[in-house]
Amino acid sequence: MPETLNPADPGFAHDPYPYYARLRARGPVARVALANGTHAWLVTGYDRAREVLADPRFSNVPPPRAGRPKPDSPARRAQACLARHMLNSDAPDHLRLRRLTTAAFTPRRVDALRPRIERLTDGLVAEVSGLLAREGTVDLVDSFAFPLPVLVIGEVLGVPEADRADLREWTYRVGSPTDALERGATDEAWAALHAYFTTLIAHKRRSPGDDLFSALVHDASEGGLDDGELLAMAFLLLFAGYETTMNLLASASLLLLTHPRELAAAREGGEARWAAVVEETLRHASPLEGTTWRRTTERVDLGGGAVIPAEESVLVVLAAAGRDPERFPDPDAFRPARYLAGTATDDGTATDDGARRDEGGERDAGGERDAGVGRAAPHLAFGHGPHFCLGSRLARMEAAIALPRLFDALPGLALAAEPERLPYRPGLLVRGPRELPVTHAARH
C-alpha cells in the first residue's frame, strides 16, 4: 500500500504524480490513509473518474457532521454559508441553481468580455515588460497569472480592482490545508469573505451594474437566488473563476518555458496551436487537482474489486485521470499536438475545433494528430456530467488570449529558477506554482 497521503507535504505538492501512479497500479479506485488520521477513496483512473462524476449515487452534499457551525464560532457559520454553492448540491437543488447561473453566464455574455480581456492582457504585458527592464527578474504569477483572472472575475462580479489582493489572500487560505497555515488564518479568511460578499450583494441590490453577478442578484425567475445562495455563488465564482485560471496560466507558462520546441511550434502554428497548448496544459497539469469531495449514498460496486460502502468519502483526482496511461499514450509528456483540430471523434465524425460536447452542454477537448498515436481522450479538467464547469468557456478564452500575447511581446522570456525548486500550492483541490520567476533577454 502506498504511504500515508499528506496533502500539505511540499514534496507531494510539487509532484504528486508518482504517488498517483503507484496508487493507480493497485487499481483505478483505492482506499487510502490520510495524514489527519482519516481514510478516503481516491479515484485515479480515467474511465472510473468519468463514471463517478456522472453517478448520482455519489452525492456532492457534505454529510451533516461536515461543516456544522460551532455556536461560538462566527467563522464556522460563515464557512457553512459560503459552502452552500451548487458544487455542494445534488438534484433537484443543483438543477435549479445551475439553470439560474447558466441564464446569466450565457456564451454571448462571456464572449462580450473578449475585448476587455484583450485590453487587460495588453496592459499587464506592458507592466511585466517594464518590470523586467527595471528589475531584471519578475514573478510571473504575481505580475501576470494572478492579476489577469482577478481583473476578469472582477468584471464578472463587479468588484473594485483595489480589493483584488485581499480576495486573493482569503481564497488562498480557504483552499489550503489548515496545517499548512498559521493558526486561525483559515477562520479569519472565511469570516472576511462572508462580510465582503454580504456588503457586495447589498450594493448590487441598490446599484446594479452590467456585470454578470448583478444579473444573478436581480434575476427573479424560478424565485431567484436567496441571500444565502447569492453569498455562496459569489464565493464559487471568485474561487473557481480566478484560482483555476491563475494556475492554468502559470502552469502553461512554466511548461512552455521548459519545452522550447513546443513554444516555438505554438508561435508558428497560430490560434489552433495555442488552443492545443491550453488543452494539453489542462490535461497534463490540471489546475484543479481534485473535485469537491463526494460521499456514497449506498454501497457502490465499481467493478474490478472496488466496492465502496455507503457514507464513505470519495475524491475524484482529475490530475491523476489526466495522466492515466490507459487513455493517454506517454501521459507524462507535454505534447500539445494531441489536441490539434480536424481529427476524428469517438463516434467517427470529424470536428473542426478538436473538441466534443460534454453532457453539461460545453465542449470537452479532443483530437490528436501525432502519427501512430491516435486521438486523445477528452480531458477531465473541467469535470464531467451534471457538474461540468460553467466557466470553462471563460477560462479557455482567457488563456487563449493571454499566452500568445505574453510570449509574442516577450520572446526572450526564460526561467530564473530551477523548475524542481519552485513551490507549489499544497492540498488536493487546486494545483499550480506559487512563484514563477523569469528574466528576459532582448532578441536582435
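Residues numbered from 1 in each chain as written. Predicted model: local features only at pLDDT ≥ 70, side-chain atom pairs only at ≥ 80, totals over all residues. Heavy atoms only, no water.

### Looking at the overall build of the protein chain
Now for step 1: Looking only at helices and strands, one finds 16 helices and 12 strands in the protein chain.
Now for step 2: Of all 444 residues assigned to the protein chain, the portion counted as buried reaches 53%.
Now for step 3: Summarising the internal contacts of the protein chain: among those between residues at least 6 apart in sequence, 71% fall at separations of at least 24. (Helix = DSSP H or I, 4+ residues; strand = E, 2+ residues; numbered from the N terminus. Buried < 20%, exposed > 50% of the residue type's maximum accessible area, 1.4 Å probe, protein only. Contact = heavy atoms within 4.5 Å.)

### Observations concerning the sheet that holds strand β8 (residues 313–316)
Now for step 1: Pairing is mixed across the open sheet formed by five strands, whose spatial order is β1-β2-β8-β5-β3. For this open sheet the edge positions go to β1 (29–33) and β3 (58–59), each flanked by a neighbour on one side alone.
Now for step 2: Pairing geometry for strand β5 (residues 294–296) and β8, over two bridges, is antiparallel. Within the sheet, the bridge partner assigned to Arg294 lies in β8 and is Val314.
Now for step 3: Docked against the sheet, helix α2 (residues 17–26) engages β1 and β2 (39–43), running at close to 125° with respect to β1. (Pairing = 2+ DSSP bridges. Axes fitted to C-alpha atoms, helices over the stretch in contact; angles between N-to-C directions.)

### Let's talk about the pattern of salt bridges
Now for step 1: Considering all chains together, one arrives at 22 salt bridges under this definition.
Now for step 2: Arg31 is the salt-bridge partner of Glu312, the closest N and O atoms lying 3.9 Å from each other. Taken as a pair, Glu312 in the loop between β7 (307–308) and β8 and Arg31 in strand β1 lie far apart in primary sequence, 281 residues in all.
Now for step 3: Beyond isolated ion pairs, a larger network of salt bridges with shared partners links Glu169, Arg173 and Glu188. (Salt bridge = Lys/Arg side-chain N within 4 Å of Asp/Glu carboxyl O.)

### Brief notes about the nonpolar core
Now for step 1: Counting residues in hydrophobic clusters, the biggest one holds 93 residues, and the most contacted among them are Leu193, Phe197, Phe213, Leu394, Leu403 and Phe407.
Now for step 2: Of the residues forming this core, the biggest block, 19 residues, is contributed by helix α13 (residues 227–257).
Now for step 3: When residues no more than four places from it in sequence are discounted, the contact partners of Leu193 are Leu82, Leu167, Trp170, Val174, Phe235 and Leu238.
Now for step 4: Core analysis: the second largest hydrophobic core is formed by 24 residues, Val29, Trp41, Phe58 and Leu340 among them. (Core = buried A, V, L, I, M, F, W, Y, C linked by side-chain atoms within 4.5 Å.)

### Observations concerning the packing of aromatic side chains
Now for step 1: The tally for this structure, following the rule as stated, stands at 11 aromatic pairs.
Now for step 2: Seen from their ring centres, Phe235 and Phe239 are 5.8 Å apart, and the 35° between their planes marks the pair as tilted. With Phe235 and Phe239 both in helix α13 and four residues apart, this pair spans about one turn of that helix. In terms of burial, Phe235 and Phe239 fall into one category: buried. (Phe/Tyr/Trp six-rings, centres within 6.5 Å; stacked < 30°, edge-to-face > 60°.)

### Here we look at the side chain of Arg425
Now for step 1: Within the element layout of this structure, Arg425 appears in the loop between β11 (413–415) and β12 (437–440).
Now for step 2: According to the relative accessible area criterion, Arg425 is buried, its value standing at 2%.
Now for step 3: A polar atom in the side chain of Arg425 sits 3.0 Å from the side chain of Glu243. (Polar contact = N/O pair within 3.5 Å; in protein donor to acceptor, adjacent residues only side chain to side chain.)

### Notes on the sheet that holds β12
Now for step 1: Overall, antiparallel pairing links the three strands, which are arranged β4-β12-β11 in an open sheet. The sheet terminates laterally at β4 (138–139) and β11, the two strands that pair on one side only.
Now for step 2: Pairing analysis gives three bridges linking β11 to β12, with the strands arranged antiparallel. Paired with Ala414 across the two strands is Thr439, which belongs to β12.

### Considering the pairing of β1
Now for step 1: For β1, the buried fraction is high: four of the five residues fall into the buried class.
Now for step 2: The pairing of β1 with β2 spans five bridges and is antiparallel. Its bridge partner lying in β2, Ala33 is registered against His39.
Now for step 3: Where β1 hands over to β2, the hairpin turn is made up of five residues, of which Gly37 adopts a positive phi near 95°.

### What about the packing of helix α10 (residues 164–174) against helix α11 (residues 185–206)?
Now for step 1: Remark: α10 packs on α11, axes separated minimally by 8 Å, with the N-to-C direction vectors making an angle of 130°. Comparing the axis directions of α10 and α11 gives the class oblique. Seen from above, α10 lies across α11 with left-handed handedness. In this structure, α10 contributes Leu167, Trp170, Arg173 and Val174 to the contact, and α11 contributes Ala185, Thr186, Glu188, Ala189, Trp190, Ala192, Leu193 and Tyr196.
Now for step 2: Here the contact of α10 with α11 is built from residues that sort into nine nonpolar, one polar and two charged. (Parallel < 35°, antiparallel > 145°, perpendicular 65-115°, else oblique. Left-handed = near helix turned anticlockwise from the far one by under 90°. Nonpolar A, V, L, I, M, F, W, Y, C, P; charged D, E, K, R; others polar.)

### Comments concerning the confidence of the model for the protein chain
As a general rule, the predicted coordinates of low-pLDDT regions are not to be interpreted in detail.
Now for step 1: Taken residue by residue, the protein chain gives an average pLDDT of 86. The fraction at 70 or more is 88%.
Now for step 2: Confidence drops under a pLDDT of 50 for residues 343–374, and excluding neighbours within four residues, the segment shows 94 contacts in the predicted structure. (pLDDT = per-residue confidence, 0-100.)

### A look at the packing of helix α4 (residues 74–82) against α11
Now for step 1: For the pair α4 and α11, interaxial distance at closest approach is 8 Å and the crossing angle is 60°. Between α4 and α11, the interaxial angle falls into the category oblique. As α4 runs across α11, the sense of the crossing is left-handed. Of the residues in α11, those in contact with Ala75, Arg76, Ala78, Gln79, Cys81 and Leu82 of α4 are Asp187, Trp190, Ala191, Leu193 and His194.

### A look at the pairing of β2
Now for step 1: Burial of β2 is extensive: four of the five residues sit out of reach of the surface.
Now for step 2: Inspection of the sheet shows β2 paired to β8 by three bridges, in the parallel sense. The residue of β8 that forms the bridge with Leu42 is Leu315.

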